[in-house]
Every structure is written in structure tokens, then in C-alpha cells.
Amino acid sequence: MVSGGADPQVATRMIGAMNYELYMGEALEEARAAVARGERPHAAVAVLDEAMVARGHDRVLETDDPTAHAVIVALREAARRVGSERLRDVTMFTTMEPCPMCVGALLASDVDGLVFAMPNRIEGAAGTCVQLADHPALTRRLKVVSGIRRDEAEELYAASAT
């Protein structure tokens, strides 16, 4: 896992050259929209070939659907737009490290990479609480970069908790 302060060349070799700051900024903007709708500030942006193909935020409260997490919402939209359930070469940007359900969905859809702003100390499944993103017993793996715009994400989460 590459943290936000790591050598950017290492991160580039892991997922490929792209503007992490830009796409995480889009995810943070989506998180602000979630907060405005009364949801948690969890948000995700799917990127393919330097283009955002989908974005989403938690819709759990809005839909009474416990699976309507930001990553799932963005995956569904990306699959619809790409025209395939296989999202090879997609990188998912999230404001917080995804939970086990969401990491499982990323793996099942063949997403290539995951970039998240801040760790999820309660249920993070990309290394913080459990490692599903790069588990040796699984046939699929996610390339992971963490810590991009972490301070902004932490401020947003702190402000929405009050």
C-alpha cells in the first residue's frame, strides 16, 4: 500500500499515471453532496482511461437499502455506462477505505485499483482492519493507494459528525 506521502513514482507504477488529486477532489465533492442529503460523507468516483465514468455517494438512508454504499452505487453506474459487469482497468477513488462488502464488490467486478483518502478504522477491508484487497487466498487483487487528500477527508468527516 502506498500512502499519500510516498514517492509518486511508486504510486504511478502501481496503478498507472493519473491525477490522484483531481479525482479524489471529485470524490470529496460527491461526499459533500451526500452530507447535504443527510447521508454519511462516503463517496466514490470510477475512472477509466483518464475519464470519470461514474460517481456515487451513500444512499442507504434515502433508499432504506443497507447495500447502497457509495462504492456499490458507483460500481452499478460504471457497469451500466461501460456496458459490462467486468470493469477491468477501472480505478475507484473513495473518500474512506471501503468495507468488506464493497471491497468484495470491487474484486468481483475486476476493478484494477483502489485509491482512498482515509483509513476506515472500524471496518476497513483494504488493510486497516482486514486485508481483502490483496489476500493471498483470493484469485483477484486490487492495487491500492491510500492517503490522497486525507486531511480534507478527515475534516469533512469530523464536520459531518457534529
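As for the side chain of Thr 95
Step number 1: For Thr 95, the location among the structural elements is in strand 3 (residues 90–96).
Step number 2: At 3.1 Å, the side chain of Thr 95 and the backbone nitrogen of Ala 43 are in polar contact.

Some points on the confidence of the model for the chain
Step number 1: Of the residues in the chain, 90% reach a pLDDT of 70 or more, and the chain-wide mean stands at 91.
Step number 2: Confidence drops under a pLDDT of 50 for residues 1–13, and excluding neighbours within four residues, the segment shows 20 contacts in the predicted structure.

Re unusual backbone geometry
Step number 1: Phi is positive for Asp 110, close to 65 degrees, though the residue is something other than glycine.
Step number 2: In this structure, Asp 110 sits in the loop between helix 5 (100–108) and strand 4 (113–118).
Step number 3: In this structure Asp 110 comes out as buried when scored by relative accessible area, which is 17%.
Step number 4: Positive phi is not limited to glycine here, since Arg 149 has a value of about 60 degrees.
Step number 5: Secondary-structure assignment places Arg 149 in the loop between strand 5 (143–146) and helix 6 (150–160).

Observations regarding the nonpolar core
Step number 1: With 27 residues, the main nonpolar core has Ala 46, Leu 75, Met 92, Leu 106, Val 111, Leu 114 and Leu 142 as its most contacted residues.
Step number 2: Secondary-structure elements contributing two or more residues to this core are strand 1 (43–48), strand 2 (51–57), helix 4 (70–82), strand 3, helix 5 and strand 4.
Step number 3: When residues of this core are assigned to their parent elements, the largest contribution, six residues, is made by helix 4.
Step number 4: Those residues in contact with Leu 142 that sit more than four places away from it in its chain are Val 103, Leu 106, Leu 107, Val 111, Asp 112, Gly 113, Leu 114 and Ala 133.
Step number 5: Ranked by size, the runner-up nonpolar core spans 20 residues in total, among them Ile 15, Tyr 20, Met 24 and Leu 156.

Thresholds, definitions, all that
Residues numbered from 1 in each chain as written. Predicted model: local features only at pLDDT ≥ 70, side-chain atom pairs only at ≥ 80, totals over all residues. Heavy atoms only, no water. Helix = DSSP H or I, 4+ residues; strand = E, 2+ residues; numbered from the N terminus. Polar contact = N/O pair within 3.5 Å; in protein donor to acceptor, adjacent residues only side chain to side chain. pLDDT = per-residue confidence, 0-100. Contact = heavy atoms within 4.5 Å. Buried < 20%, exposed > 50% of the residue type's maximum accessible area, 1.4 Å probe, protein only. Core = buried A, V, L, I, M, F, W, Y, C linked by side-chain atoms within 4.5 Å.

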